[in-house]
Structure formats: C-alpha cells, structure tokens
Amino acid sequence: MPLPPGFLSQALGRIKPSPTLAATQKARELKAAGRDVIGLAAGEPDFDTPDNIKNAAIAAIKRGETKYTNIEGISELRSAIAAKFKRENNLDYQPAQCFVAPGGKSILFYALMGTLNPGDEAIVVAPYWVSYPDIVLLAGATPVTVETRQEDGFRLTPEALDAAITPKTKWLVFNQPSNPTGACYTREQLKALTDVLMKHPHVWVLTDDMYEHLVYGGFKFHTIVEVEPRLYERTLTMNGVSKAYAMTGWRIGYCAGPQPLIAAMAKLQSQSATNATSVSQWAAVEALNGPQDFIPKFQKLFEDRRDLVVSMLNQSSGIECSVPEGAFYVYPSVRKIVGMKTPEGRTLATDEDFAVALLENEGVAVVHGAAFGLSPFFRISYATSNDVLEEACRRIQRFCASLR
C-alpha cells in the first residue's frame, strides 16, 4: 500500500539514495540470481581486520564492555585519537576535543546538520563523495559544487576556491586522498588553498582524511591545520579506522575540532545513535595504539593493484585513466565513448548509460561519474584481488572493443 501524499518529509525529498551503495546492492542481487558479476563499486578493502584488533574486541566482550558509553566516546579512545593526531599530524588536541561516531558519515552528518541553516552554503569539490551534497541539502542549505579538471589531477585550484566563496559560505568540505579520484595535495598545493581561506574568516573547513594512510609512490600526506595552524579554531579534522585498518563494518569514525562544535555534535548524537558501538570502540583503541606495521603492506598491495588497473584500462579503446596518488579508486574518462553504440544498437549518451550497459553486457559493476558530480567518467574500486581486477579489466576491454 503506498504512503499517503505528503506523508514523507520535504527534507527526505531533497536527497537520493547513495548511488555507490545502490550499485553495490545491485551487483549483490544479480550474483544471488546466478549472474556472473564482478562488483567494483564498493569502497571497502578486501583484507580482513588484523588479528590484534579482533582480539581486542573479543577481550572487551569478555570484560563486559557491552554497555552504553559516553556520548562522545570512551575516554581511552578519545585519548588514542588525540595521541594519533599528535604523532602522525603534529596537531595538538585534548581528548575533550575529540569525538567518536558510528562511521565517518555520522561525523559529517552531525557537523553539517548541527551548523547549517537555510540560506547557508557549503562548498563541495567535484567529483565528490556522494554523501557530501546530500547531507548539506538535508540540512536545508545549498551545496555549491566546484568542478575540477582531469588535466589538473582533479585538484581544487585556489582561484576556483576563491571564486566560489560568498558571504553565505559556511563550510568548505575537503577530502584528500579523494574518493572517487584518488587525488592528493602536496604541502605547497594545500598552502595555496589555505592562503585563500585565511582571506575569508567566516568559512570553516571540514577536512575528510579517511584515506590518509593509503598514499603511493612516496607521497607525503599533510592535513590542512598542519599546513596552516591559524585555521585551528575553524577546522574539523575527520578520520576513521574503516579504510587503513580494514574495519568498514565496525563503524567507527572520529574527529577533532573546537570544543563548542564537538559539544553541538554530541547533542545530536545524544538524540540519535547515543554512542558508537562499545566493542567497536575498544577495537579502535587497539587499531590506533597497536602495531602499525601492516599498513605499509596494505599500501604496497594497493599500489600494485592501482598500476595494474590503470595500465589495463588505458589499453581499452576510448578510455583515458589518470594515475591517482592515493585511496583505492580510479576515475577514468569515457569522453571518447559517449555517443557510441553497443552491439545491440543502444546509444551510450551518458556515463550512466556506459555503466548500465557494462553491467548488463559483461557483468562488471562500476559507479557512473554523474553520481560524483563530474561526467563523463566512472569510478572503479580496486580494493579486491589482482585476479578479479584482471578479469574485470579484460571484460571492460572487450566491451569497449565492441562499441561502434
């Protein structure tokens, strides 16, 4: 039975379901129906969570650490977060300035919902992670999209940032290494952006550093407040254990920032999730405080996969794939393919048409570029085995060769 007209909120009508999760779910459904499908849509490492982290969770269960926790997170984890920021980013935060939530998406949700009003603007850099503009819209504010160019390495330029800032701008939502492009910024490139931000003291920065540890070729990661300490009082630095520690399902995101903002976010969490899962918090303590020697091993495997995928995609007719510096995605262009026809005579008018036809004809699930705000591209997650990636790329090559 359908819902009555007007029953759903206007806020819900402003957003759409996550396209990346939708593509992943579609691949799962086709597999369950017996189709031979390779899913390259999910942003999830295929590695198992390291044993020391799993054992810490088991020990926490056996100790009875299964009750509600402080809203902001257990003190042990907030201390571990503060120590991590000092050790790895040279940032001085007190545990009271640190906050834990059920995943990085919840951090974004609380920060933006807790600060944005109708009429406010938040700058998002395209291509963007699919949730950024929708959370801004849910808050009743306006996402201002600033497009980047493949020839610039999909990096935001200081000129484009300056041009996008208005008196209504409240936030810059900034992500690097980037999902979906893998783009990273050198210290000098970040300094050029922070110089612009220093000219506009009303603009706050939400920097999403979730892929911090997944950088390649000797690239050195820097975060915004590390580069420009004068932005300390108007920056929320977000991270999590999902990607580098292979803990996506544990649902732990964390951040640090000005105490009044952290208090506002805690107020929202108190009326929603209450707290991040207690056992997962104890696992995250071990992730941050325990051995880090597996991270370089993950990095090397991801870098090898990146090189494999970039090479094979660039051998596909009509595809142009840049080499990303970080994360575990590539964002190839299909500019030369748009307008071509499949063997069945279907015209590929958009990157979404390309992704749909690729799934139907060859059983490879990717996410179309329009979902990330920049066409004509598509995103592949190479967080799976070399054998799977090779087979997927062979299918993509075969599909591209069939187009006319």
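Data block above holds the structure.
Residues numbered from 1 in each chain as written. Predicted model: local features only at pLDDT ≥ 70, side-chain atom pairs only at ≥ 80, totals over all residues. Heavy atoms only, no water.

**Q** So what about the packing of helix α4 (residues 75-89) against helix α11 (residues 278-289)? Which residues, and what values?
**A** Their axes nearest at 9 Å, the elements α4 and α11 cross at an angle of 25 degrees. In this view, α4 runs roughly parallel relative to α11, as classed from their interaxial angle. Relative to α11, α4 is oriented so that their crossing is left-handed. Contact residues: Glu-76, Leu-77, Ala-80, Ile-81, Lys-84 and Arg-87 in α4; Gln-281, Trp-282, Ala-284, Val-285, Leu-288 and Asn-289 in α11. Within the contact of α4 with α11, the residues separate by chemical class into seven nonpolar, two polar and three charged. (Axes fitted to C-alpha atoms, helices over the stretch in contact; angles between N-to-C directions. Helix = DSSP H or I, 4+ residues; strand = E, 2+ residues; numbered from the N terminus. Parallel < 35°, antiparallel > 145°, perpendicular 65-115°, else oblique. Left-handed = near helix turned anticlockwise from the far one by under 90°. Contact = heavy atoms within 4.5 Å. Nonpolar A, V, L, I, M, F, W, Y, C, P; charged D, E, K, R; others polar.)

**Q** So what about the packing of aromatic side chains? Which residues, and what values?
**A** The relative placement of two aromatic rings is captured by the distance of their centres and the angle of their planes. For the coordinates displayed, the defined rule picks out 23 aromatic pairs. Geometrically, the ring pair formed by Phe-47 and Phe-302 is tilted, given 5.1 Å between the ring centres and 55 degrees between the ring planes. With Phe-47 in the loop between β1 (38-39) and α3 (51-63) and Phe-302 in helix α12 (residues 294-314), the pair connects residues that are 255 residues apart, well separated along the chain. Residue class for Phe-47 comes out buried when judged on its relative accessible area of 17%. (Phe/Tyr/Trp six-rings, centres within 6.5 Å; stacked < 30°, edge-to-face > 60°. Buried < 20%, exposed > 50% of the residue type's maximum accessible area, 1.4 Å probe, protein only.)

**Q** Break down the side chain of His-200 for me, citing the residues and quoting the values.
**A** Along the chain, His-200 turns up in the loop between α8 (187-198) and β6 (204-208). Not counting chain neighbours up to four residues away, the residues in contact with His-200 comprise Asp-162, Ile-165 and Arg-234.

**Q** Lay out the sheet that holds strand β12 (residues 378-381) with the relevant residues and their values.
**A** Taken together, three strands build an open sheet; the order of strands is β9-β12-β11 and the sheet is antiparallel. Of all the strands in the sheet, just β9 (329-330) and β11 (367-368) have a single pairing partner and so form its edges. Relative to β12, β9 runs antiparallel, the two sharing two bridges. Within the sheet, the bridge partner assigned to Tyr-329 lies in β12 and is Ser-381. (Pairing = 2+ DSSP bridges.)

**Q** Got a sec to walk through the sheet that holds strand β2 (residues 98-101)? Specific residues and values, please.
**A** A sheet is described by the order of its strands in space; here seven strands give the open sequence β2-β8-β7-β6-β5-β3-β4, paired in mixed fashion. Here the strands that pair on one side only, and so sit at the sheet edges, are β2 and β4 (142-147). Taken pair by pair, the neighbouring strands of this sheet meet at an average axis angle of 20 degrees, ignoring direction. Here four bridges tie strand β3 (residues 121-126) to strand β5 (residues 169-175), and the two strands are oriented parallel to one another. Each residue of the ladder has a partner; that of Glu-121, found in β5, is Thr-169. Packed on one face of the sheet, α4 meets β2, β7 (235-240) and β8 (253-256) and runs near 120 degrees to β2. In the packing of helix α10 (residues 259-270) onto the sheet, the strands contacted are β2, β5, β6, β7 and β8, and the crossing angle to β2 comes to about 25 degrees.

**Q** Account for α11, with residues named and values stated.
**A** Taking 1.5 Å of rise per residue, the twelve residues of α11 would be expected to cover 16 Å, and the 17 Å separating its terminal C-alpha atoms lies within 8% of that figure. Counting buried positions along α11 yields ten of twelve residues, so the element is predominantly enclosed. Within α11, the full set of buried residues consists of Ser-278, Val-279, Ser-280, Gln-281, Trp-282, Ala-283, Ala-284, Val-285, Ala-287 and Leu-288. As for α11, its buried residues are in contact with α3, α4, β2 and β8. (Expected span 1.5 Å × (residues − 1).)

**Q** Give a detailed account of unusual backbone geometry, specifying residues and quantitative values.
**A** Residue Ala-126 is joined to Pro-127 through a cis peptide bond whose omega torsion reads 0 degrees. Considering the arrangement of structural elements, one finds Pro-127 in the loop between β3 and α6 (131-138). The phi angle at Asn-90 is positive, at roughly 55 degrees, despite the residue not being glycine. Looking at the element boundaries, Asn-90 is found in the loop between α4 and β2. Judged by its relative accessible area of 54%, Asn-90 is exposed. Positioned with a positive phi, Ala-327 is a non-glycine residue whose angle comes to about 60 degrees. The topology assignment puts Ala-327 in the loop between α12 and β9.

**Q** Kindly report on empty space enclosed by the protein, identifying the contributing residues and their values.
**A** Taken as a whole and assessed by the stated rule, the structure comprises one cavity of 30 Å³ or more. Computed from the structure, the largest cavity encloses a volume of approximately 130 Å³. Along its surface, the largest cavity is lined by 15 residues, and Val-125, Pro-127, Asn-175, Ser-178 and Tyr-185 are the ones closest to its centre. Here the lining of the largest cavity gets three residues from one element, more than from any other, and that element is β5. Considering only residue class, the lining of the largest cavity consists of ten nonpolar, five polar and no charged. (1 Å grid on protein atoms, 1.4 Å probe; cavity = no way out; pocket = protein on both sides within 12 Å on 5 of 7 lines; lining within 4 Å. Points joined across faces, edges and corners; volume = space filled by probe spheres on them.)

**Q** For the side chain of Thr-169, give the residues involved together with the corresponding values.
**A** Inspection of the secondary structure assignment puts Thr-169 in strand β5. Reaching out from Thr-169, the side chain makes a polar contact with the backbone nitrogen of Thr-166 at a distance of 2.8 Å. Beyond its immediate chain neighbours, meaning those up to four positions away, Thr-169 contacts Glu-121, Ile-123, Ala-164, His-202 and Val-203. (Polar contact = N/O pair within 3.5 Å; in protein donor to acceptor, adjacent residues only side chain to side chain.)

**Q** Which residues make up the pairing of β2, and what are the values?
**A** Across a regular strand the side chains alternate sides, sitting on one face of the sheet and then on the other. The alternating pattern of β2 places Cys-98 and Val-100 and Phe-99 and Ala-101 on opposite faces, both of which are buried. For β2 and β8, the ladder comprises four bridges, and the chain directions are antiparallel. Paired with Val-100 across the strands is Tyr-254, a residue of β8.

None of the figures reported here should be taken as evidence of function without further support.
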